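Spelled out from the first residue to the last, the chains are:
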Amino acid sequence: MDSQGSFPLGPSSLTEALYESVRKRIVNGEIAPGEKLTEVRIAGEYNVARPTAKACLERLTALGLLRRSVHKTAVVPKLGEDEIRDLYFSRETVERAAVAALARRGVVPPAAVRAQAAMKAAATDMAFESQVEADIAFHSALVAGVGSRRLSRMHEVILGEVHLTMGQFQAHRTTHPMNVAREHDDILKAIEAADPEAAQQRLTHHLDQAQDRLIGQLRREGGAVEEPSEEAPA
């Protein structure tokens with residue numbers, strides 16, 4: 001936030017910069033679960049036109065980072081246990097297909113290698129936010145590496161809510177930071193060895209660990225109130 005009380009945006013396209021800024025504030029908990037986001041608020045905080053704010057809110061809603069109540073107010077959700085289990089069921093289905101396809105070709109996407117290096121650097125520095133960003137980038141790179149636009153679109157929607165839960169519950173903090181990196185290494189080794197079965201097994205173990213950390217943290221916090229399931233049009 002600058003001296004005038006607004007949030008400055010970077011040099012990329014205005015809509016993209018606005019989206020990235022609001023997304024990070026939601027994921028990092030600066031905009032808390034249950035908090036409402038309106039076009040007026042976003043336009044005022046960032047000094048942008050309301051159509052630009054509306055486009056940002058619509059994109060965040062489409063990716064699961066916001067939900068619209070029956071009164072059409074965008075709210076930051078907090079997933080309950082059943083929703084987390086359903087989210088990880090969907091995530092595992094997509095990512096298992098991806099790692100098997102990569103392993104059949106024995107191809108490790110370069111972007112996944114770069115994300116893994118960033119993950120290890122963040123783990124060494126105990127930089128939680130950077131660790132989460134690198135983790136998301138790693139899994140996104142695996143799916144993108146398959147080359148299927150439809151699979152990537154499905155995964156993008158799933159990862160929106162995954163990123164939300166990782167930021168809100170900060171489950172990475174409940175395990176040694178290098179544990180997740182080692183699990184990533186195991187997945188990459190199976191892909192490189194052209195072993196689809198091993199790649200899927202290691203991915204499943206990795207996601208099971210992640211889901212258990214999230215649910216464990218949720219239970220320690222005393223559970224979460226489920227958001228209304230009805231969603232009004234944007």
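So, how was this worked out
- Residues numbered from 1 in each chain as written.
- Predicted model: local features only at pLDDT ≥ 70, side-chain atom pairs only at ≥ 80, totals over all residues.
- Heavy atoms only, no water.
- Helix = DSSP H or I, 4+ residues; strand = E, 2+ residues; numbered from the N terminus.
- Buried < 20%, exposed > 50% of the residue type's maximum accessible area, 1.4 Å probe, protein only.
- Contact = heavy atoms within 4.5 Å.
- Areas by Shrake-Rupley, 256 points an atom, 1.4 Å probe, with all protein chains shown as cover.
- Phe/Tyr/Trp six-rings, centres within 6.5 Å; stacked < 30°, edge-to-face > 60°.
- Lys NZ or Arg CZ within 6 Å of the ring centre and 35° of its normal.
- Salt bridge = Lys/Arg side-chain N within 4 Å of Asp/Glu carboxyl O.
- Pairing = 2+ DSSP bridges.
- 1 Å grid on protein atoms, 1.4 Å probe; cavity = no way out; pocket = protein on both sides within 12 Å on 5 of 7 lines; lining within 4 Å.
- Points joined across faces, edges and corners; volume = space filled by probe spheres on them.
- Domains from an automatic or database assignment.
- Expected span 1.5 Å × (residues − 1).
- pLDDT = per-residue confidence, 0-100.
- Core = buried A, V, L, I, M, F, W, Y, C linked by side-chain atoms within 4.5 Å.
- Axes fitted to C-alpha atoms, helices over the stretch in contact; angles between N-to-C directions.
- Parallel < 35°, antiparallel > 145°, perpendicular 65-115°, else oblique.
- Nonpolar A, V, L, I, M, F, W, Y, C, P; charged D, E, K, R; others polar.

**Quick notes on the overall build of the protein**
Okay, so step 1: When you go through the protein residue by residue, the secondary structure sums to nine helices and three strands.
Okay, so step 2: For the protein, the succession of helices and strands along the chain, N to C, is α-β-α-α-β-β-α-α-α-α-α-α.
Okay, so step 3: In the protein, which comprises 234 residues, the proportion classed as buried is 47%.
Okay, so step 4: Contacts in the protein between residues far apart in sequence, at least 24 positions, make up 74% of those at least 6 positions apart.
Okay, so step 5: Accessible surface for the protein amounts to roughly 11400 Å². Of this, 51% is attributable to carbon and sulfur atoms.

**Points about the packing of aromatic side chains**
Okay, so step 1: This structure, assessed with the given rule, holds zero aromatic pairs.
Okay, so step 2: Geometry around Tyr19 places Arg59 over its ring, the cationic atom sitting 3.7 Å from the centre.

**Considering the pattern of salt bridges**
Two side chains carrying opposite charge are able to pair once their charged atoms lie near each other.
Okay, so step 1: Going through the model one piece at a time under the given rule, you end up with 15 salt bridges.
Okay, so step 2: Between Arg219 and Glu81 there is a salt bridge, and its shortest N-O distance comes to 2.7 Å. Placement of the pair is Arg219 in helix α9 (residues 196-220) and Glu81 in helix α4 (residues 81-105), with a sequence separation of 138 residues.
Okay, so step 3: Judged by its relative accessible area of 22%, Glu81 falls in the partly exposed class.
Okay, so step 4: Each of Arg25, Glu30, Glu35, Arg41 and Glu45 takes part in a single network of salt bridges with overlapping partners.

**Some points on the sheet that holds strand β1 (residues 36-37)**
Okay, so step 1: Taken together, the three strands give an open sheet; going across it, the order is β1-β3-β2, and neighbouring strands pair in antiparallel fashion. Each edge of the sheet is formed by a strand with only one pairing partner; in this case those strands are β1 and β2 (67-68).
Okay, so step 2: When β2 meets strand β3 (residues 74-75), the two strands line up antiparallel, connected through two bridges. Across the sheet, the residue bridging to Arg68 is Ala74, located in β3.

**What about the environment of Leu214?**
Okay, so step 1: In this structure, Leu214 sits in helix α9.
Okay, so step 2: Judged by relative accessible area, which is 1%, Leu214 ranks as buried.
Okay, so step 3: In this structure, the C-alpha to C-alpha distance between Leu214 and Thr165, residues 49 residues apart in sequence, is 7.5 Å.

**Focus on the layout of surface pockets**
Okay, so step 1: Reported here for the largest pocket is a volume of approximately 350 Å³.
Okay, so step 2: For the lining of the largest pocket, the secondary structure elements donating two or more residues are α1 (14-27), α6 (128-144) and α7 (149-169).
Okay, so step 3: If you count residues domain by domain, the lining of the largest pocket takes at least three from each of domain 1 (14-75) and domain 2 (81-221).

**Examining α6**
Okay, so step 1: The terminal C-alpha atoms of α6 lie 24 Å apart, and with 17 residues this matches the ideal 24 Å at 1.5 Å per residue to within 8%.
Okay, so step 2: When α6 is considered as a whole, its buried residues turn out to be Phe128, Gln131, Val132, Ala134, Asp135, Ile136, Phe138, His139, Ala141, Leu142 and Val143.
Okay, so step 3: On its buried side, α6 packs onto α4, α5 (110-125), α7, α8 (177-192) and α9.

**Some thoughts on α7**
Okay, so step 1: Under the 1.5 Å per step criterion, the end-to-end length of α7 is 30 Å for 21 residues, consistent within 8% with the ideal 30 Å.
Okay, so step 2: Gln170 sits one or two residues past α7 and shows a positive phi near 50 degrees.

**Some remarks on the confidence of the model for the protein**
Okay, so step 1: Across the protein, the average pLDDT comes to 87, with 88% of residues at 70 or higher.
Okay, so step 2: Element-level pLDDT for the protein is lowest in β2, with a mean of 88, against a maximum mean of 97 in α4.

**Focus: the environment of Gly29**
Okay, so step 1: Counting through the fold element by element, Gly29 comes out in the loop between α1 and β1.
Okay, so step 2: The spacing of Gly29 and Gln168 is 139 residues in sequence and 6.0 Å in space, taken between C-alpha atoms.

**A few points about the nonpolar core**
Okay, so step 1: Ranked by size, the top nonpolar core spans 57 residues in total, and within it Val22, Ile26 and Leu142 carry the most contacts.
Okay, so step 2: Looking at which domains feed residues into this core, each of domain 1 (14-75) and domain 2 (81-221) supplies at least three.
Okay, so step 3: With residues up to four places along the chain from it excluded, the contact list for Ile26 reads Ile31, Leu37, Leu60, Leu65, Leu66, Val76 and Leu164.

**Side note on the packing of α4 against α8**
Okay, so step 1: Following both chains from N to C, one finds α4 and α8 inclined at 45 degrees, their axes separated by 7 Å at the closest point. Here α8 runs oblique to α4, going by the angle between their axes. In this structure, α4 contributes Val99, Leu102 and Ala103 to the contact, and α8 contributes Ile187, Ala190 and Ile191.
Okay, so step 2: In the contact of α4 with α8, the residues fall into six nonpolar, no polar and no charged.

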